[in-house]
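Descriptive analysis of the structure
So you can see what is in the structure, the chains are spelled out below.
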Amino acid sequence: DDAGFVGLDGAVNVSSRQFERGDLPDVVERALGEVGLKPDRLHLEITESTLMRNTKVTNATLEALKEIGVKLAIDDFGTGYSSLAYLHRFQVDLLKIDRAFIKDLGVSPEGDAVTGAIIGLGQQLGLTLIAEGVENKSQLEFVTSRGVSRVQGFHFSKPVSAEQLVELVNWQRVLKSEAV
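Summary of the structure given here. Note that the structure is a prediction, hence the values are computed from the model and not measured.

Along its length, the protein chain carries 9 helices and 6 strands. Going through the 180 residues of the protein chain one by one, you find that 34% of them count as buried. Within the protein chain, contacts between residues separated by at least 24 positions form 60% of all contacts whose residues are at least 6 apart in sequence. Put simply, the protein chain shows about 10600 Å² of open surface, and 52% of that area lies on carbon and sulfur atoms.

Our next topic: helix α2 (residues 24-35). Under the 1.5 Å per step criterion, the end-to-end length of α2 is 16 Å for 12 residues, consistent within 8% with the ideal 16 Å. Among the residues of α2, those classed as buried are L24, P25, V28 and L32. Axial view of α2: buried residues confined to an arc of 100°, hence all on one face. Set apart from the buried face of α2 by more than 90 degrees, the exposed residues are G33 and E34. Once α2 ends, the next one or two residues include G36, with phi positive near 75°.

Size it by volume and the second largest pocket reaches roughly 280 Å³. Element by element, the count of residues in the lining of the second largest pocket is highest for α2, at 6 residues. Looking at the lining of the second largest pocket residue by residue, the classes come out as 13 nonpolar, 3 polar and 3 charged.

Any two side chains of opposite charge can pair, so long as their charged atoms come close to each other. Summed over all chains, the structure comprises 8 salt bridges. The partner of K66 in a salt bridge is D93, and the shortest N-O contact between them spans 2.7 Å. With K66 in helix α4 (residues 55-68) and D93 in the loop between α5 (84-87) and β4 (94-97), this pair connects stretches of sequence that are 27 residues apart. Relative accessible area serves as the criterion here: at 19%, D93 is assigned to the buried category.

This next bit is on unusual backbone geometry. In the Ramachandran plot, D76 falls in the positive-phi region, its phi being about 60° despite a non-glycine side chain. On the secondary structure map, D76 appears in strand β3 (residues 71-77).

A few words on the packing of aromatic side chains. The final tally for this structure, using the stated rule, is 0 aromatic pairs. Geometry around F142 places R146 over its ring, the cationic atom sitting 3.6 Å from the centre.

Turning our attention to the nonpolar core. Formed by 35 residues in total, the largest nonpolar core has its most connected members in V28, L44, L65, V70, L72 and V143. Apart from the residues within four sequence positions on either side, L44 is in contact with V12, V14, V28, L65, V70, K71, L72 and A73.

Packing of α2 against α4 leaves a shortest axis separation of 9 Å and a crossing angle of 20°. The angle between α2 and α4 places the two elements in the roughly parallel class. Handedness of the α2/α4 crossing: right-handed. For the pair α2 and α4, the contacting residues are L24, P25, V28, E29 and L32 in the first and T61, A64, L65 and I68 in the second. For the contact of α2 with α4, the residue count by class is 7 nonpolar, 1 polar and 1 charged.

With that settled, the discussion passes to the environment of D104. The topology assignment puts D104 in the loop between α6 (99-103) and α7 (109-124). Distance in space between the C-alpha atoms of D104 and Q139 is 8.9 Å, their sequence separation being 35 residues. There is a polar contact of 3.4 Å between the side chain of D104 and the side chain of K103.

Along helix α8 (residues 137-145), the positions that sit buried rather than exposed are Q139, L140, F142 and V143. Relative to the axis of α8, the buried residues are bounded by an arc of 160° and lie together on one face. Those residues of α8 that are exposed and aimed more than 90 degrees away from the buried face are K137 and S145. Contacts from the buried residues of α8 go to α6, α7, β5 (128-131) and β6 (150-151). Positive phi appears at G147, one or two residues downstream of α8, with a value of about 95°.

Rules used throughout
Residues numbered from 1 in each chain as written. Predicted model: local features only at pLDDT ≥ 70, side-chain atom pairs only at ≥ 80, totals over all residues. Heavy atoms only, no water. Helix = DSSP H or I, 4+ residues; strand = E, 2+ residues; numbered from the N terminus. Buried < 20%, exposed > 50% of the residue type's maximum accessible area, 1.4 Å probe, protein only. Contact = heavy atoms within 4.5 Å. Areas by Shrake-Rupley, 256 points an atom, 1.4 Å probe, with all protein chains shown as cover. Expected span 1.5 Å × (residues − 1). Arc of directions from axis to C-beta. 1 Å grid on protein atoms, 1.4 Å probe; cavity = no way out; pocket = protein on both sides within 12 Å on 5 of 7 lines; lining within 4 Å. Points joined across faces, edges and corners; volume = space filled by probe spheres on them. Nonpolar A, V, L, I, M, F, W, Y, C, P; charged D, E, K, R; others polar. Salt bridge = Lys/Arg side-chain N within 4 Å of Asp/Glu carboxyl O. Phe/Tyr/Trp six-rings, centres within 6.5 Å; stacked < 30°, edge-to-face > 60°. Lys NZ or Arg CZ within 6 Å of the ring centre and 35° of its normal. Core = buried A, V, L, I, M, F, W, Y, C linked by side-chain atoms within 4.5 Å. Axes fitted to C-alpha atoms, helices over the stretch in contact; angles between N-to-C directions. Parallel < 35°, antiparallel > 145°, perpendicular 65-115°, else oblique. Left-handed = near helix turned anticlockwise from the far one by under 90°. Polar contact = N/O pair within 3.5 Å; in protein donor to acceptor, adjacent residues only side chain to side chain.

Written as structure tokens, this is what we have:
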């Protein structure tokens, strides 16, 4: 908010080591207090392989994080130890479709079908979907035409520093105001 980006969410990748230490909810709550960020603006991204290691501990940790109010995302969905039986039991808000599925869009009907099925599954579970690794217009059109509302990838920008991000967002604001 200090940089003028009111309403933007932030996402943080959680390593398996951080998740398994057992103090993640305390660490998150303390960090939110230090930076003054509203909990619902923070998305914690946890890989599905991390979530599947010890499902009893996983559920307890996810419940504690949900009580704080942060949003939870399954990162790299479809590449780990995916268990559809557990997917609906985890208290997650977002599903990040791994770039492995996105890169194969348009290559084969089977690849398109699998990606479409993942999108449909996420929608049926009421999850916000994020397509990772969108690199071209046809990939973007495929996922957005099926209702994926969030995308990330080189089609938009290579990774940038915090300072470059501020410049990029401000530049986009200028372009939008000039177009009006």
